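As a plain string of letters, each chain reads:
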Amino acid sequence: MFKIKSLALGCAFAAFLAAPTHAVTLVGAVQFDESHAFTKALRKFEQEASACSGGSLEFDLHLNSELGLEKDYFENMSQGIAVDYAIVSPSHMSTFSQQAPLMDMPFLFRDIDHWNAVMEQDALAPLAADVLKKANVRLIGYAGGGTRQLIVNRPVTNMEELKGLPMRVMGAPIQTRIFEAINAAPSVIAYTEVYNAIQTGVNDAAENEEAGIEQMKFYEVGPHIALTQHAITVRPIGFSNATFERLTEKEQQCVLDAGKIGGKLGRDLESSQDSSKLKAMEDAGLLT
């Protein structure tokens, strides 16, 4: 009996020593549900970081724009409040870093192979350094890979038909200037207002990748998809540097390593699903 009790006490003591001495709960945010590639990328990040840290890092991810939109997430991460990690379009970083929107500006990448080469060679590191310096947000991984097309409420088949087209663009000035250069009429509208803007005639068009078209049901108001392929998305996983600096050295490394793994999953998912999502919507008669 004494030996059994001693063994039980020994196992309990070993478990106590193995348990993390503290647990940090990190708050994440995403605009979409569990089916979206962004959410899956963040879930992979959480899984890898938790396992690497031995459970000392815990995660609370808020879905479906519960904590606002990407612009809000980035501002909060910059201030070190409310949101610790999120996937954010580079355009929404432009208030802090004018270089950030260069990551996926229209007509930057020739094709998906060119885009992949840029991701694998870490060619975006100088832009990430500027974001860290100006906004105090670390870019720990890169998701994305969706090819953006025009979503229009009428057929657009040539450059002439783009002239004067009222369309929604993201908030970075470079987005507005590029579409002005091809004679469209771009304006900045919040992502959650795009559907209503096209439905009510405020705008006739927007631009988005296939995953967004499907998730937000933009095909209901803009069923004519012009295959412009004008951009391949880069969607960084941002992490508040104020939070990062409060972590232990081991936890910091876990966050950095897990960010790369999560980003890679996001890229693989979205870039491989692009054409199949578009075809499925077309086959279902949802868009042309």
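Each chain carries its own residue numbering, running from 1 in the written order of its sequence. Given that this is a predicted model, residues contribute local features only at a pLDDT of at least 70 and side-chain atom pairs are listed and counted only at 80 or more, while totals for whole chains, interfaces and linings are drawn from all residues. Note: side-chain values were computed over all heavy atoms of the structure, leaving out hydrogens and water.

Considering the overall build of the protein
Scanning the protein from N- to C-terminus turns up 11 helices and eight strands. Overall, the protein is about 90 × 40 × 35 Å in size when its C-alpha atoms are taken along their principal axes. Counting only residues that meet the buried cut, the protein has 50% of its 288 residues in that class. Contacts: residue pairs with any heavy atoms within 4.5 Å of one another. Excluding contacts between residues fewer than 6 apart, the proportion of contacts in the protein whose partners are at least 24 apart in sequence is 73%. Using the Shrake-Rupley algorithm and a 1.4 Å probe, accessible areas are obtained, with residue cover drawn only from the displayed protein chains. When the accessible surface of the protein is summed, it comes to about 13400 Å², and 55% of that surface belongs to carbon and sulfur atoms. Across the protein, the mean location of the 24 positive side-chain charges is 5 Å away from that of the 36 negative side-chain charges. The secondary structure listing takes helices from DSSP runs of H or I that are at least 4 residues long and strands from runs of E that are at least 2 residues long, numbered from the N terminus. Type-normalised accessible area, obtained with a 1.4 Å probe on protein chains alone, sets the label of each residue: buried when under 20%, exposed when over 50%, and partly exposed for intermediate values. A residue counts as positive if it is Lys or Arg and as negative if it is Asp or Glu; His and the chain ends are not included. Where a charge lies is defined by one atom per residue type, namely NZ (Lys), CZ (Arg), CG (Asp) and CD (Glu).

Observations concerning the packing of aromatic side chains
For this analysis, a ring pair means two rings from Phe, Tyr or Trp (six-membered ring only for Trp) whose centres lie within 6.5 Å, classed as stacked if their planes differ by under 30 degrees, edge-to-face if by over 60, and tilted for the remaining angles. Using the criterion set out here, one finds nine aromatic pairs in the structure. Considering the side-chain rings of Phe 32 and Tyr 191, the 6.3 Å spacing of their centres and the 85° angle between planes classify their relative orientation as edge-to-face. Residue Phe 32 is located in the loop between strand E1 (24–29) and helix H2 (37–52), and its partner Tyr 191 is located in the loop between strand E6 (185–188) and helix H8 (194–199); the two are separated by 159 residues in the primary sequence. Each member of the pair, Phe 32 together with Tyr 191, is buried. Relative to Phe 244, the ring of Phe 239 has its centre 6.3 Å away and its plane inclined at 85°; by these criteria the two rings are edge-to-face. Relative accessible area serves as the criterion here: at 0%, Phe 239 is assigned to the buried category. A relative accessible area of 5% places Phe 244 in the buried class. Through successive ring pairs, a cluster of aromatic residues spans Phe 45, Phe 59, Tyr 85, Phe 239 and Phe 244.

Thoughts on the pairing of E1
For two strands to be treated as a pair, DSSP must find no fewer than two bridges joining them. Relative to strand E2 (residues 57–62), E1 runs parallel, the two being bridged by six bridges. The residue bridging Ala 29 from the neighbouring strand is His 62, located in E2. By the criterion used throughout, a crossover qualifies as right-handed when its path from the first strand across the helix to the second strand runs clockwise, the strands pointing away from the viewer. Running through H2, the crossover from E1 to the neighbouring parallel element E2 is right-handed. Here E1 pairs with strand E3 (residues 85–87) via two bridges, running parallel. Of the residues in E3, the one forming a bridge with Gly 28 is Tyr 85.

Digging into the packing of H2 against helix H11 (residues 249–283)
Viewed as axis vectors pointing N to C, H2 and H11 meet at an angle of 150°, and their least axial separation amounts to 7 Å. As the angle between them shows, H2 and H11 are arranged roughly antiparallel. In this structure, H2 meets H11 at a crossing whose hand is right-handed. Within the contact between the two elements, H2 uses Ala 37, Phe 38, Lys 40, Ala 41, Lys 44, Phe 45, Glu 48, Ala 49 and Cys 52 and H11 uses Lys 250, Cys 254, Val 255, Ala 258, Gly 259, Ile 261, Gly 262, Leu 265, Gly 266, Leu 269 and Glu 270. Under the convention adopted here, Pro, Cys and the residues Ala, Val, Leu, Ile, Met, Phe, Trp and Tyr are nonpolar, Asp, Glu, Lys and Arg are charged, and Gly plus all remaining residues are polar. Of the residues contributing to the contact of H2 with H11, the split by class is 12 nonpolar, three polar and five charged. Between the N-to-C directions of two axes lies an angle of 0 to 180 degrees, each axis being a line fitted to C-alpha atoms and, for a helix, fitted only over the stretch in contact. What sets the label is the angle itself: under 35 degrees gives roughly parallel, over 145 gives roughly antiparallel, 65 to 115 gives roughly perpendicular, and the rest give oblique. Should the near helix be turned counterclockwise from the far one by less than a right angle, the crossing is left-handed, whereas a clockwise turn marks it as right-handed.

Some thoughts on the confidence of the model for the protein
What pLDDT expresses is the predictor's confidence in each residue, scored from 0 to 100. On average, the protein scores 92 in pLDDT, and the residues at 70 or more come to 93%. Between residues 1–9, whose pLDDT stays under 50, and residues either more than four places distant or in other chains, the model counts zero contacts. Counting contacts from residues 11–19, a segment whose pLDDT is below 50, to residues more than four positions away or on other chains yields zero contacts.

Focus on the pattern of salt bridges
Here, a salt bridge means any side-chain nitrogen of Lys or Arg that lies within 4 Å of a carboxyl oxygen of Asp or Glu. Going through the model one piece at a time under the given rule, you end up with 13 salt bridges. Residue Arg 235 is joined to Asp 104 by a salt bridge in which the shortest nitrogen-to-oxygen separation is 2.4 Å. Here the residue Arg 235 occupies a position in strand E8 (residues 224–240), and Asp 104 occupies one in the loop between E3 and helix H4 (112–120), the gap between them amounting to 131 residues. Overall, the relative accessible area of 2% leaves Arg 235 in the buried class.

A short note on helix H7 (residues 173–181)
Three or more residues of H7 are buried, namely Gln 175, Thr 176, Ile 178 and Phe 179. In a view along the axis of H7, the buried residues occupy a sector of 165°, so they form one face of it. Residues of H7 that are exposed and angled more than 90 degrees away from the buried face: Pro 173, Arg 177 and Ala 181. Structurally, H7 contributes buried residues whose contacts are with strand E4 (137–152), strand E5 (166–169), E6, strand E7 (205–209) and E8. Phi turns positive one or two residues past the end of H7, at Asn 183, with a value near 75°. The directions considered for the arc are those from the helix axis to the C-beta atoms.

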